[in-house]
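As a plain string of letters, each chain reads:
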Amino acid sequence: MPENKQFLGEEADLGPEKRIAILSAPLASTVSWQGGTELGPEAIIAASPALEVFDDELLAETVRLGIATRPIPDFSNLSAPEACGAIEAAVAAELTAGLFPVLLGGEHTVTVPAVKACRQRYPDLHVVQIDAHLDLRDQYEGNPNSHACVMRRLADLSIPFTQVGIRSFSREELELVRARGWQPFFMQRLRREPDWIASLCAELSGPVYLTVDVDGLDPSIMPATGTPEPDGLLWAETVAMLGAIARVRPIVAMDFVEFSPRPGTEHAAFTVAKLLYRTLGHVFRSSLQRMGEGHV
Ligand SMILES: [Mn+2]
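What you are looking at is a predicted structure, and each value in this text was computed from that prediction instead of being measured.

Q: With reference to specific residues and values, describe the overall build of the protein.
A: When helices and strands are counted, the protein shows 10 helices and 10 strands. Relative to a compact globule of 296 residues, whose C-alpha radius of gyration would be 19 Å, the protein shows 18 Å and is just as compact. Counting the 296 residues in the protein, one finds 57% classified as buried. Counted over contacts in the protein with a minimum sequence separation of 6, partners at least 24 positions apart contribute 79%. Entry remark: accessible area of the protein is about 12200 Å², with carbon and sulfur atoms responsible for 51%. When the 25 basic and 39 acidic side-chain charges of the protein are each reduced to a single mean position, those positions are 6 Å apart.

Structure follows, in structure tokens:
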């Protein structure tokens with residue numbers, strides 16, 4: 001077991017009363033190509049002390065909200081359904097305690113139990129998925145709980161969702177999208193529609209659960225993932241989108257999944273840590289302003 005490291009390291013102590021909980025879900029049972037996502041949470045947490053706690057966009061020390069980092073659980077002796085049960089219970093416990101859960105994967109499968117826990121509390125939950133892939137297969141390699149099926153499982157639960165950054169899918173997935181009348185934000189569409197962020201915000205309803213598959217980002221800034229697809233989201237447009245969503249909807253929980261550390265691409269763990277921290281700043285913008293933090 002790795003020792004319990006804190007997100008942001010010693011600077012996590014700047015926020016003594018905790019409002020945010022970083023949870024790790026090092027599940028990697030169905031990864032299809034180039035594994036390693038079980039090492040994702042540890043790498044993201046290990047990179048985070050290099051972050052400047054004063055956010056250069058929000059001009060706020062978001063850490064003062066209080067960020068608790070829970071110990072990384074050992075899933076090595078659990079089946080995927082058992083691990084998912086543990087994730088659902090852990091997320092539910094944080095919500096009950098009034099903390100904002102941030103889940104670090106692990107493969108994308110971990111989103112399903114986290115969303116289930118959130119929907120218990122927020123019945124009109126809307127999921128926003130950043131991803132290169134639709135993840136709408138009914139099953140993948142015989143497994144309905146594969147990372148490639150995560151949004152299909154949410155569709156089965158009638159949970160509304162919006163997909164962004166999409167640029168890889170099967171014919172069957174596209175046929176399903178058309179049959180249901182869904183309008184994913186394909187990369188092709190983003191490049192055609194300059195005001196896509198406004199369109200995206202306009203279709204959100206209810207509280208938002210944000211799931212960030214890091215392969216939604218462009219491989220030039222995010223090489224450390226199992227299936228890097230060219231022509232992905234870049235940093236500035238990603239942050240602009242997340243900030244815009246946080247302005248129109250309450251974001252109630254989020255996850256960052258499919259990060260898989262690779263030798264020689266250590267900057268990518270820092271990129272995930274900074275995206276997570278920046279998004280927290282946007283989510284808690286009014287709280288930070290009430291605390292006298294932040295000028296925008
Ligand atoms: Mn993906």
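Next comes the rest of the account.
Q: Can you break down helix α3 (residues 111–121) residue by residue, with the values?
A: Buried residues of α3: T111, V112, P113, A114, V115, A117 and C118, and no others. Of the surrounding elements, those touching the buried residues of α3 are α2 (80–96), β5 (100–105), β6 (126–130), α4 (150–156), β9 (208–213) and β10 (251–257).

Q: Describe in detail the environment of G85, supporting the description with residues and values.
A: By secondary structure assignment, the location of G85 is in helix α2. Here the alpha-carbon distance between G85 and E175, two residues 90 residues apart in the chain, equals 32 Å.

Q: How would you explain the coordination of the manganese ion if you had to name every residue and give the values?
A: Donor atoms from the polypeptide that coordinate the manganese ion comprise D131 (OD), H133 (ND1), D213 (OD), D215 (OD) and D215 (OD), at 2.1 to 2.7 Å from the metal. Each donor residue of the manganese ion lies on the same chain, and together they follow the pattern D-x1-H-x79-D-x1-D. Here the residue H133 occupies a position in the loop between β6 and α4, and D213 occupies one in strand β9, the gap between them amounting to 80 residues. A relative accessible area of 2% means that D213 is categorised as buried.

Q: So, the packing of aromatic side chains: which residues are in play, and what are the values?
A: Overall, the coordinates contain three aromatic pairs when judged by the stated rule. On the numbers, 5.4 Å between centres and 75° between planes, the contact of F100 with F284 is edge-to-face. With a gap of 184 residues between them, F100 in strand β5 and F284 in the loop between α9 (267–283) and α10 (285–290) connect regions that are remote in the sequence. Exposure class is identical for F100 and F284. Each is buried. When the ring centre of F185 is taken as reference, the NZ or CZ atom of R189 above it lies at 3.9 Å.

Q: Lay out the sheet that holds strand β7 (residues 161–166) in plain terms, naming residues and giving numbers.
A: If you trace the eight strands from one edge of the open sheet to the other, you get β4-β1-β5-β10-β9-β6-β7-β8, paired in parallel fashion. Unpaired on one side and paired on the other, β4 (67–69) and β8 (185–186) mark the two borders of the sheet. Strand direction decides the pairing type here: β6 and β7, joined by four bridges, are parallel. Across the sheet, residue V128 finds its bridge partner in β7, namely T162.

What counts as what
- Sequence positions are assigned chain by chain, starting from 1 and proceeding in written order.
- Whole-chain, interface and lining totals are the exception, using all residues; otherwise, since this is a predicted model, local features are given only for residues with pLDDT of at least 70 and side-chain atom pairs are given and counted only at 80 or more.
- To obtain the side-chain values, all non-hydrogen atoms of the structure were included, while hydrogens and water were left out.
- Numbering of helices and strands runs from the N terminus, with a helix taken as a DSSP run of H or I at least four residues long and a strand as a DSSP run of E at least two residues long.
- Taken over C-alpha atoms, the radius of gyration is set against a globule rule of 2.2 Å times the number of residues to the power 0.38.
- Only protein chains enter the calculation, and the probe is 1.4 Å; a residue is then buried if its accessible area is under 20% of its type maximum, exposed if over 50%, and partly exposed in between.
- Here, two residues are considered to be in contact whenever any of their heavy atoms come within 4.5 Å of each other.
- For accessible areas, the Shrake-Rupley method is used with a probe of radius 1.4 Å. Any residue's cover is judged against the shown protein chains and nothing else.
- Charged-residue counts in this description rest on Lys and Arg as positive and Asp and Glu as negative, His and the chain ends being excluded.
- The atoms used to mark charge sites are NZ of Lys, CZ of Arg, CG of Asp and CD of Glu.
- For Na, K and Ca the donor cut-off is 3.2 Å, and for all other metals it is 2.8 Å, counting N, O and S atoms only; because water is absent from this set, sites may look incomplete.
- Stacked, tilted and edge-to-face pairs are distinguished by plane angle, under 30 degrees for stacked and over 60 for edge-to-face with tilted covering the rest, among Phe, Tyr and Trp rings (Trp via its six-membered ring) whose centres lie within 6.5 Å.
- Both a distance and an angle decide whether a charge sits over a ring: NZ of Lys or CZ of Arg must be within 6 Å of the ring centre and within 35 degrees of the ring normal.
- A pair of strands is labelled paired if DSSP reports no fewer than 2 bridges between them.

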